[in-house]
Amino acid sequence: MANDVIPVGTERALARRESNPFTFLQQEIDRLFDGFSRNFPTFAAPQAMMPRMDVSETDKTVEISAELPGLETKDVQLNLADNTLTIRGEKKSEREEKDKDYHLIERSFGAFSRSVALPEGVKAEDVSAEIAKGVLKVTVKKPAPKQSRQIDIKTAA
């Protein structure tokens, strides 16, 4: 008798839902955690501090541009070792306000490091860099190509 009160068309929807009993459970758990996490600040993922870079090349130079918003010269280091240029830096929090309840935190703070492989033979004096408007521009002069020389082969007597 209870089946007589089920509205027309509902049986098909119920049958589909029962084909995978965990789907509804997963949706409810997701909904629960989505609502729960709205009251907590979100923290930036570690990769958020990785500066975006462009690396290009001309006949004579390798050019690197890295986005470093909010950083100044004193916040960034460039190192050259074993034909690898490493950009290191740290973005520090401007100030800490403990009396505020944050609902959303998207700005990231912390240290980062990015490395770029350069052509063999690059010297530190061939690297120049400047930072302006949050963009670090590094120019690396390519070393002169090594000269090859053909060697004559003599016939043994």
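Residues numbered from 1 in each chain as written. Predicted model: local features only at pLDDT ≥ 70, side-chain atom pairs only at ≥ 80, totals over all residues. Heavy atoms only, no water.

Draft legend 1. Layout of the pattern of salt bridges. Under the definition given, this model contains two salt bridges. Between E57 and K142 there is a salt bridge; the shortest N-O distance is 2.4 Å. Here E57, found in strand β1 (residues 53-57), pairs with K142, found in the segment after β7 (135-141); they are 85 residues apart in sequence, far enough to count as distant. Classification of E57 by relative accessible area gives exposed; the value is 58%. K142 gets classed as partly exposed once you look at its relative accessible area, which sits at 25%. Note that D75 is salt-bridged to K74, the shortest N-O span being 3.7 Å. Residue D75 is classed as buried on the basis of its relative accessible area, which comes to 18%. (Salt bridge = Lys/Arg side-chain N within 4 Å of Asp/Glu carboxyl O. Helix = DSSP H or I, 4+ residues; strand = E, 2+ residues; numbered from the N terminus. Buried < 20%, exposed > 50% of the residue type's maximum accessible area, 1.4 Å probe, protein only.)

Draft legend 2. Representation of the confidence of the model for the chain in the model. The predicted model of the chain averages 79 in pLDDT, with 75% of residues at 70 or higher. Per-element averaging of pLDDT across the chain places helix α1 (residues 10-19) at the bottom with 48 and β7 at the top with 96. For residues 42-46, every residue scores under 50 in pLDDT, and the model assigns this stretch four contacts once sequence neighbours within four places are set aside. (pLDDT = per-residue confidence, 0-100. Contact = heavy atoms within 4.5 Å.)

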